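Chain and residue survey
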Amino acid sequence: MQIITIYQGASGSGEELARMVAQSLGYHPVDREVLIEASLEQGIPEAKLSEIVEREPTWWATFTRNLEPYRIALQAAFCELAAHRGIVYHGHLGHELVPKFTHVLKVLLTAPMAMRVEQVRARHKLTETAGRRYVEEIDKARTRRLAAMFGTDWRDATRYDLVANLGYMTLETARRLIVDTARAPEYQITPDSRQAFENFALKSRVHASLLLGGELAQGRGDIYARDGEVPVSGTIPDWVSDEQIVDKIKKLPGVKRVSCDLTNLSPSLGLGD
């Protein structure tokens with residue numbers, strides 16, 4: 001269940017490289033469409049998913065809602081995809097959807113601007129000026145999206161294990177670099193990293209269920225998970241009871257025991273009061 005994420009800006013080759021790496025390692029290639037399909041089971045409307053994962057920058061002008069429920073649901077879906085098999089994810093969200101466990105390898109693909117513009121021009125039949133503007137706008141939109149969802153900057157190289165410049169190496173060289181790194185001892189799954197991943201996956205599953213189900217829509221919950229035990233604390237709307245929360249969480253896969261320390265919000269008070 002090793003996880004490899006490959007991020008590339010607005011250009012090409014990243015998807016092809018992801019398939020090459022997955023084939024070399026016997027892993028399952030995952031792209032945005034697979035992630036969207038898995039996320040539908042978490043309760044996110046398909047239209048909303050398209051806005052969140054959309055590659056074009058135009059979505060930002062109309063998307064102003066709180067992103068936390070969708071971020072957590074995407075994390076829960078991503079964990080489900082990686083729970084029982086090795087995956088190679090190609091897309092612009094994957095490297096932030098899961099923490100840096102030892103069996104997680106995060107890769108950033110980069111290339112000179114001229115090369116990126118030329119790839120975009122060939123794909124979309126654009127002029128050089130239009131191609132450059134397209135790349136710049138995509139980069140800006142993704143920078144805003146990741147900052148809003150995760151508070152991070154995709155251009156920060158320290159968030160990745162590898163940075164491969166496709167302006168100076170072939171796809172085959174990049175494939176060998178990623179595969180060799182993935183096989184290195186320090187990137188293998190350990191009992192501790194497996195348990196940490198399972199705890200994170202369970203926490204995401206519980207949190208997504210409560211947020212998208214409305215139980216935490218007007219409240220705030222602190223959720224922890226370890227070895228199937230899930231303590232929950234915080235505030236909930238007056239129409240929700242501890243028993244409802246416990247019953248809902250107990251039905252989720254992987255949950256063994258639930259404990260709650262919750263306070264009901266007064267109907268006359270809002271979160272800003």
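1. Considering the overall build of the chain
- In terms of helices and strands, the chain carries 10 helices and eight strands.
- Expressed as a percentage of the 273 residues in the chain, the buried residues total 49%.
- Across the chain, the fraction of contacts at a sequence separation of at least 24, relative to all contacts at a separation of at least 6, is 73%.
- Split by element, the accessible area of the chain, about 13,400 Å² in all, is 49% carbon and sulfur.

2. Quick look at the side chain of His103
- Within the fold, His103 resides in the loop between helix H5 (94–97) and strand E4 (104–110).
- Note on His103: relative accessible area 0%, which makes it buried.
- Ignoring anything within four residues of it in the chain, the contact list for His103 reads Met1, Gln2, Ile3, Tyr187, Gln188, Ile189, Ser193, Arg194 and Phe197.

3. Things to note about the packing of helix H9 (residues 191–213) against helix H10 (residues 242–250)
- Two elements in contact, H9 and H10, have axes separated by 10 Å at closest approach and are oriented at 130 degrees. Between H9 and H10, the angle is such that the two are oblique. Judged by the twist between their axes, the crossing of H9 over H10 is right-handed. Across the interface between the two elements, Val206, Ser209, Leu210 and Gly213 of H9 pack against Ile245, Lys248 and Ile249 of H10.
- A per-class count over the contact of H9 with H10 returns four nonpolar, two polar and one charged.

4. Considering the environment of Val98
- Tracing the chain through its elements places Val98 in the loop between H5 and E4.
- If sequence neighbours within four positions are ignored, Val98 has contacts with Ile3, Phe78, Val104, Lys106, Phe197 and Phe200.

5. Some details on the pairing of strand E7 (residues 229–236)
- When strand E6 (residues 220–223) meets E7, the two strands line up antiparallel, connected through four bridges. Directly across from Ile223, in E7, lies its bridge partner Val232.
- Where E7 and strand E8 (residues 257–264) come together, eight bridges link them in parallel fashion. Bridge pairing in E8 links Pro231 to Ser259.
- Taken together, E7, H10 and E8 constitute a β-α-β crossover, and its handedness is right-handed.

Calculation criteria
- Residues numbered from 1 in each chain as written.
- Predicted model: local features only at pLDDT ≥ 70, side-chain atom pairs only at ≥ 80, totals over all residues.
- Heavy atoms only, no water.
- Helix = DSSP H or I, 4+ residues; strand = E, 2+ residues; numbered from the N terminus.
- Buried < 20%, exposed > 50% of the residue type's maximum accessible area, 1.4 Å probe, protein only.
- Contact = heavy atoms within 4.5 Å.
- Areas by Shrake-Rupley, 256 points an atom, 1.4 Å probe, with all protein chains shown as cover.
- Axes fitted to C-alpha atoms, helices over the stretch in contact; angles between N-to-C directions.
- Parallel < 35°, antiparallel > 145°, perpendicular 65-115°, else oblique.
- Left-handed = near helix turned anticlockwise from the far one by under 90°.
- Nonpolar A, V, L, I, M, F, W, Y, C, P; charged D, E, K, R; others polar.
- Pairing = 2+ DSSP bridges.
- Right-handed = clockwise from strand over helix to strand, strands pointing away.

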